Amino acid sequence: MRFEKEIRILISEALKSLYDIEYSSSDILLQETKKEFVGDLTLVVFPFTKQSKKSPELTAEAIGKFLVGKQSLISGFNVVKGFLNLEIQDKLWFDYFKKVSSDSSELFDPAKAYSDKVRSGKLMVEYSSPNTNKPLHLGHVRNNLLGYSVSRILRAAGNEVSMVNLINDRGVHICKSMLAWQKFGNGETPQSAKMKGDHLVGKYYVLFDKKYKAQIASLLERGLSEEEADKQAPLQHEVQEMLRKWEAGDPETIELWKRMNSWVYAGFEETYKALGVEFDKIYYESETYLLGKEIAAKSLEQGVFYKKEDGSIWIDLTDVGLDNKVVLRADGTSVYITQDMGTAQLRFDENPGLEKLIYVVGNEQDYHFKVLKEIFRKLGRPWADGLYHLSYGMVDLPSGKMKSREGTVVDADELIAEIVEQAEMTTKAMGKLDDYDSEEARKLYHDLGMGALKYFILKVDPKKRMLFNPAESIDLNGNTGPFIQYTHARIKSVLSKGKKVLGENPEFQDRKMSTEEKALIKLIYNYPDTLQAAAENLSPALMANYAYDVAKSFNHFYHDHVIVDENEKETSAFRLRLSELTSAVIKQSMSLLGIAVPERM
RNA sequence: GAUCUCGUAGCUCAAUUGGAUAGAGCAACUGCCUUCUAAGCAGUAGGUUGUGGGUUCGAUUCCCGCCGGGAUCACCA
């Protein structure tokens, strides 16, 4: 049941009959009436005044009269300047409420919630995509939370979505940590070092850089130029040699590689678990980096690519405002984009009917993905336009940019531990729990800490660069995850009191709604539209802000109304049902953000 | 140098994709717990939307210039 659709049809009838204007109902723009004015939906009439040849006020007046006279849908209207504010019959709001409260699938099942049939598209979301040479940091956290949430939102909106990860597990940077461990590690393992595997490997990556710099420094002292020093440093040679061995499949090197990578995966696994993200399939770059060469070779014949004298293969993208781009080196080896060409082809081959491949990758790679898409356009792949780069902004710190060299990177594991600890301290200070060390309490601390972190990150429009202030992220008041979680727990508490006083599912009749009650019903009614907007824009932020609005609106209602009153059973029954539905909407919205809401806190 | 992108209250973010008097939270100040969870609610204060033009009934939103931040432009990934 969507009121807007019917009203649009009525308005287009009004335009036709009053002014003989042909206006398709789907083009009519209806917006929610601002709360300073009376009404539910507002039509902006300026666009019609040219043809109506009347003032905006008179035009609005005439359309309003037409609508009220026409049907029982609109009960009244008022005109402010060129804005026609329409009031929908209270009974219809109430009927809607009764319908969704008796069966919440009317709200959450996309097939039922939308009047138009939703199509079930087959989509793939690639996110996370870490390197195996260092642990995850704050930038990865935004990536993971976004990728997971976007996937959940797309699923909830009726799409078939597979979440995939592409792990960058090979290359010279991986060899650096391997070499450092081999030379200086003395057989250290995560067990012996009592360290998460990804952190241990990261330690050797940093160590490599340190030793390497030391070599350069001493070479410079001996009077070499920077360029020469760079070339002559022994570690540089050794690491190149290791990469050659790896590519040649040298058993010892491969074994070391496998061993250290397995440490990293165990570490990542833990972090992923804490973040609550998951994947349907994991791709490894070591298995995909050779893909794409074939595409380059074949398309040479097609004439899309061209070969330079030195044997390297290029594509000319200057006609679409991009540059010439290498897709295969002169020695026949792949560059970064060759591999992405291969994996994209592979994924569309493996998944017939795949409509969209969404890459959750930071906006520093905008150019790369423009090129990738353009290459496939030129190759004439029908799915080329289905490649979509969900380009999110960088995360800044109050101290500025995160720079690994300056050690200002915020480590994901440390961040999680700190924020959960903070939640524990605050919860204990509140003194509302019975047992602070139970498993349930531990889970609560985790859910609250992660709720704060996730909400803080996801409430910001993905496209925008954001500032991560650690002090504010653990804030629990105001526009925060814990505020919404608190509201949910509060509702649950009221519901259990209601059950004691009124029993299960008490009956209620049609009644006059207060403005706060109606405001809540209208917000609930907005859930499907919000979800759809979040899915279309790939924006969890819309869902986050919606959840906040609902929680805020409920608290307002809660403050002004007694929900459970033994002497007012009818009223209580209605308000309990409204509260219950509100909690369901909050829970569902938050779960799309990957945030759990507690029953008590 | 070229291309892209961002600039909204002291701070962090919104603004239904061109609509009404630009909204929230934090920080500051003031009230409200004998009641269903005060991690709450209500109020005060805070704005020339970087800047100058243009487009139109109407611009934070679209176009152009300028100022300021950021990113990219590798036979790195």
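Residues numbered from 1 in each chain as written. Chains lettered and ligands numbered in written order. Predicted model: local features only at pLDDT ≥ 70, side-chain atom pairs only at ≥ 80, totals over all residues. Heavy atoms only, no water.

A. A look at the protein's contact with RNA strand B. The immediate surroundings of RNA strand B are formed by 66 residues, with Asp 310, Lys 401, Lys 432, Ser 493 and His 561 found nearest. Within 4 Å of the protein, the atoms of RNA strand B are drawn from sugar and phosphate moieties in a proportion of 61%. In this structure, a phosphate oxygen belonging to RNA strand B sits 3.2 Å away from a side-chain N or O atom of Lys 464. One of the backbone nitrogen or oxygen atoms of Val 562 is found 3.4 Å away from a base nitrogen of RNA strand B. Among the secondary structure elements, those contributing two or more residues to the surface near RNA strand B are β1 (30-32), β2 (41-44), α2 (46-52), β4 (83-88), α18 (412-430), β14 (466-467), α21 (481-502) and α24 (540-560). (Near = heavy atom within 4 Å. Polar contact = N/O pair within 3.5 Å; in protein donor to acceptor, adjacent residues only side chain to side chain. Helix = DSSP H or I, 4+ residues; strand = E, 2+ residues; numbered from the N terminus.)

B. Structural view of the packing of helix α12 (residues 234-248) against helix α13 (residues 251-275). One can describe the packing of α12 onto α13 by two numbers: an axis separation of 8 Å at closest approach and a directional angle of 95°. With respect to α13, the axis of α12 lies roughly perpendicular. Note on element contacts: α13 touches α12 through Thr 253, Ile 254, Leu 256 and Trp 257, opposite Met 242, Lys 245 and Trp 246. For the contact of α12 with α13, the per-class residue count stands at five nonpolar, one polar and one charged. (Axes fitted to C-alpha atoms, helices over the stretch in contact; angles between N-to-C directions. Parallel < 35°, antiparallel > 145°, perpendicular 65-115°, else oblique. Contact = heavy atoms within 4.5 Å. Nonpolar A, V, L, I, M, F, W, Y, C, P; charged D, E, K, R; others polar.)

C. Just the nonpolar core, in detail. Within the largest apolar cluster, 149 residues are counted, with the highest numbers of intra-cluster contacts made by Ile 7 and Leu 138. At 10 residues, the largest contribution of residues to this core is made by helix α19 (residues 439-458). Shared between two domains, this core takes at least three residues from each, and those domains are domain 1 (3-88) and domain 2 (412-592). The contacts of Ile 7, once residues within four sequence positions are left out, are Leu 30, Leu 41, Leu 73, Ile 74, Leu 86 and Ile 88. Judged by nonpolar contacts, the second largest core, of 32 residues, contains Val 304, Ile 313, Ile 315 and Val 335. (Core = buried A, V, L, I, M, F, W, Y, C linked by side-chain atoms within 4.5 Å. Buried < 20%, exposed > 50% of the residue type's maximum accessible area, 1.4 Å probe, protein only. Domains from an automatic or database assignment.)

D. The arrangement of the packing of aromatic side chains in detail. Under the criterion given, the structure shown has 29 aromatic pairs. With centroids separated by 5.7 Å and ring planes inclined at 70°, the aromatic side chains of Trp 181 and Trp 263 adopt a geometry described as edge-to-face. Of this pair, Trp 181 sits in helix α8 (residues 172-184) while Trp 263 sits in helix α13; the two residues are 82 residues apart in sequence, bridging distant segments of the chain. For the pair Trp 181 and Trp 263, one class covers both residues: buried. Taking the ring centre of Phe 184 as reference, the NZ or CZ of Lys 211 above it sits at 4.5 Å. (Phe/Tyr/Trp six-rings, centres within 6.5 Å; stacked < 30°, edge-to-face > 60°. Lys NZ or Arg CZ within 6 Å of the ring centre and 35° of its normal.)

E. Representation of the pattern of salt bridges in the model. Enumeration over the complete set of coordinates arrives at 34 salt bridges. A salt bridge links Asp 40 to Lys 522, with the shortest nitrogen-to-oxygen separation between them at 2.7 Å. You can see Asp 40 sitting in the loop between β1 and β2 and its partner Lys 522 sitting in helix α22 (residues 515-525), a full 482 residues away along the chain. Since its relative accessible area comes to 4%, Asp 40 is described here as buried. Between Lys 443 and Asp 447 there is a salt bridge; the shortest N-O distance is 2.6 Å. Of this pair, Lys 443 and Asp 447 both sit in helix α19, four residues apart, which is roughly one turn of that helix. Where salt bridges share partners, they join Asp 40, Asp 90, Lys 518 and Lys 522 into one cluster. (Salt bridge = Lys/Arg side-chain N within 4 Å of Asp/Glu carboxyl O.)

F. Geometry of the domain arrangement of chain A. Structurally, chain A comprises domain 1 (3-88) and domain 2 (412-592). Summarising the inter-unit geometry, the C-alpha centres of domain 1 and domain 2 are found 35 Å apart. Contacts between the two partners involve five residues from domain 1 and, on the opposite side, five residues from domain 2. The junction of domain 1 with domain 2 conceals about 390 Å² of combined surface from both sides, 26% of it contributed by carbon and sulfur atoms. Contact with domain 2 buries area across many residues of domain 1, yet Glu 4, Glu 32 and Asp 40 alone supply 72% of it, more than any other trio. Where domain 1 meets domain 2, there are two salt bridges. Lys 518 is the partner of Asp 40 in a salt bridge, and the nearest nitrogen-oxygen pair spans 3.7 Å. Connecting domain 1 to domain 2 are four residue pairs in polar contact (both at pLDDT 80 or more). Among the residues forming the side of domain 1 that touches domain 2, the class breakdown is one nonpolar, one polar and three charged. (Buried area = accessible area lost by both parts, 1.4 Å probe.)

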